[in-house]
Amino acid sequence: MCELFGASASEPTNLARWLGPFRQRGGGTADNGDGWGVAYWQDGPVRMEKSPEPGHQSRRLEELALTLRAPLVLAHVRKANFPPVPGMLNTHPFAHACCGREWVFAHNGTVPAVTRWPCASAICRPDGETDSETAFCHLLAGIAGEYAEGARPHWLELLTKLAKSISDTGQFNFLLSDGRSLYAYGHDRLHYREAAEEGLTLVASEPLSADGWRSFSPGELRVYRDGRLVADFCAGSLVATACA
């Protein structure tokens, strides 16, 4: 079932040590061969590359894994479940505009019930058919009007509660970014590795090395900027914060 990878760093960083094994999770060492996608920011708008081909066979993903240098990265390898076929429009990550920013989102799990919820099309209308992108649109519709850049408790508490309401219908682990921060929500399958001395935090569905990884608590939202934790919410309650 799909896997996620995210990185937040204090400066552009080569992630080959981590993206190499993650690429292999795309149909090589794990059964996620229905597409891959990488979003990254390098002194400007988000750049996104993706393909419905197996990640472990992709020459372009191999090149990105070896050479990409960026302070903020969000990646995904897909196991097609809803709908159960590969396709470009259904390949993560997804991007939509809201609140004056471009947002990027990728999901692990299934939440098909959200496709039957009323959709706030004025905020976000899915381009593809996935429950994942529909859930993304519901998150954006929910925070519209409340979002404030940075680790502001009110809107992050709202985001956590919205995530929980969706996770209650299935399995909902996700990575989200507004181009500055990395928002990581762990419903039941997400891990993080913080290396303060390196100014680097990694988030992944499964540990990508034998050292330093810890599990998210169920229903935990962790927010990273420039490689460090700036907010930590669990089930809608702020449990730790640093810098706004």
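As a starting point, this report considers the structure included with it. (Residues numbered from 1 in each chain as written. Predicted model: local features only at pLDDT ≥ 70, side-chain atom pairs only at ≥ 80, totals over all residues. Heavy atoms only, no water.)

What to know about the pairing of strand S12 (residues 220-225)
Then, in step 1: Of all the six residues making up S12, six are buried; the element is thus mostly covered by neighbouring parts of the structure.
Then, in step 2: Burial of S12 is two-sided: the residues Glu220, Arg222 and Tyr224 facing one way and the residues Leu221, Val223 and Arg225 facing the other way are all buried.
Then, in step 3: The pairing of S12 with strand S13 (residues 228-234) spans six bridges and is antiparallel. Residue pairing in the sheet places Tyr224 in a bridge with Leu229 of S13.
Then, in step 4: Here S12 folds back onto S13 in antiparallel fashion, the turn holding two residues, of which Asp226 has a positive phi close to 55°. (Buried < 20%, exposed > 50% of the residue type's maximum accessible area, 1.4 Å probe, protein only. Helix = DSSP H or I, 4+ residues; strand = E, 2+ residues; numbered from the N terminus. Pairing = 2+ DSSP bridges.)

Side note on the sheet that holds strand S3 (residues 46-51)
Then, in step 1: Reading across from one edge, S3-S2-S4-S1-S10-S9-S11 is the order of the seven strands in this open sheet, with antiparallel pairing throughout. Each edge of the sheet is formed by a strand with only one pairing partner; in this case those strands are S3 and strand S11 (214-215).
Then, in step 2: Inspection of the sheet shows strand S1 (residues 3-14) paired to strand S4 (residues 69-77) by eight bridges, in the antiparallel sense. Pairing of Gly6 across the sheet is with Leu74, part of S4.
Then, in step 3: Strands S1, S4, strand S9 (191-195) and strand S10 (200-204) of the sheet are contacted by helix H1 (residues 16-24), whose axis makes an angle of about 160° with S1. (Contact = heavy atoms within 4.5 Å. Axes fitted to C-alpha atoms, helices over the stretch in contact; angles between N-to-C directions.)

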